[in-house]
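# Descriptive structure summary
The chain contents come next:
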Amino acid sequence: MSDVADRVKKIVVEHLGVEEDKVTENASFIDDLGADSLDTVELVMAFEEEFGIEIPDDAAENIQTFGDAVKFIKEAS
Amino acid sequence: MFDLTGKNALVTGASGGIGADIARTLHARGAAVGLSGTRTEPLEALAAELGERAHVLPCNLSDMEAVEALPKQAAEAMGSVDILVNNAGITRDNLFMRMSDDEWQSVLNVNLTATFKLCKGVMRGMMKARWGRIVNISSVVGATGNPGQANYAASKAGMVGMSKSLAYEVASRGITVNAVAPGFITTAMTDKLTDDQKAGIMGQIPAGRMGEPSEIAAAVVYLSSNEAAYVTGTTLHVNGGMAML
């Protein structure tokens, strides 16, 4: 697994308090990992800080799963 | 009770009567204060009066770029913004049938849109800190309406609806969002009233007098405190009984 994916996973695990093996490619933050809508906002904030990037609101709305997040961050950084 | 030591507060409209007293009172409770307003001179004078823990942050709230920059400037000056008091407001009164689009829009922009942008600008820091206080200064007029003030009343009622919605969203993060709705308070704005107008107003106030800026400031301090952690989405009416809501 890539470095980006590891770092994203660490943030998700810490922020949502979920088991690491639950954070799979297609795991939806809201449907599978128990996030509420504000959690997803906070996750995006945490990604922005970890990777020093800016994630615009319209892009943030499309980041629904762990895989989406990794893909976006790889393309952005 | 109501100790604000270590908290950083941004107060808009701090050059005005009520805003200056809000800043003074928060400062007296131990908070650092960021004094924002359009007129630099009274802000500098207030900062000099307060001494330490006071920062002058001039901002014209009708300039949306300046509004967006303000939370960052405040955080840079103080380290964070833990308490935001949206106190700045303008009036451009006219009869509804004569009210121009510009009179409508300029009041909505400064009173409501700037408040929205400032709330948004401080939210990230508050969410991370899991602590925040937003106090939006509304008006009795927002609840009762007032002839000649359709724009002002709409903006002040809008602040209340916005505060409640935001309060829902961020309550789980330790952030409260409340409004204070002053009635008639002795300020430069109400000094302009004629004696006849004042007499008319007095007749509607059970307390039989106008309120003092310090009485608004006390409500703001309460809502900014740790003690008010369980109070959110509310509007505290400070109006001498003029409208019991």
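See above for the structure.
Not measured: the values here are computed from a predicted model.

## Here's the deal with the pattern of salt bridges
Opposite charge on two side chains permits pairing when their charged atoms draw close. Considering all chains together, one arrives at 16 salt bridges over all chains under this definition. We note a salt bridge from A:Arg7 to A:Glu50, for which the minimum N-O separation is 2.8 Å. With A:Arg7 in helix α1 (residues 3-16) and A:Glu50 in helix α2 (residues 37-51), this residue pair connects regions lying 43 residues apart in the sequence. On the basis of relative accessibility, which here comes to 36%, the residue A:Glu50 falls in the partly exposed class. As a salt-bridge pair, B:Lys128 and A:Glu49 come within 2.7 Å of each other at their nearest N and O atoms. Of this pair, B:Lys128 sits in helix α4 (residues 101-129) while A:Glu49 is found in helix α2, placing the two residues in two different chains.

## Focus: the nonpolar core
All names here are of chain B. The biggest cluster of nonpolar side chains holds 31 residues, and the ones touching the most others in it are Ile22, Leu26, Leu35, Val85, Val180, Ile216 and Val220. Of all the secondary-structure elements, those providing two or more residues to this core are β1 (8-11), α1 (17-28), β2 (32-37), α2 (40-50), β4 (83-86), β5 (132-137) and α9 (213-224). Leaving out residues up to four positions away in the same chain, Val85 has contacts with Leu10, Val11, Thr12, Ile22, Leu26, Val135, Ile137 and Val220. Grouped together as the second largest cluster of nonpolar side chains are 29 residues, Leu10, Cys59, Leu84 and Met127 included.

Procedures and definitions
Residues numbered from 1 in each chain as written. Chains lettered and ligands numbered in written order. Predicted model: local features only at pLDDT ≥ 70, side-chain atom pairs only at ≥ 80, totals over all residues. Heavy atoms only, no water. Salt bridge = Lys/Arg side-chain N within 4 Å of Asp/Glu carboxyl O. Helix = DSSP H or I, 4+ residues; strand = E, 2+ residues; numbered from the N terminus. Buried < 20%, exposed > 50% of the residue type's maximum accessible area, 1.4 Å probe, protein only. Core = buried A, V, L, I, M, F, W, Y, C linked by side-chain atoms within 4.5 Å. Contact = heavy atoms within 4.5 Å.

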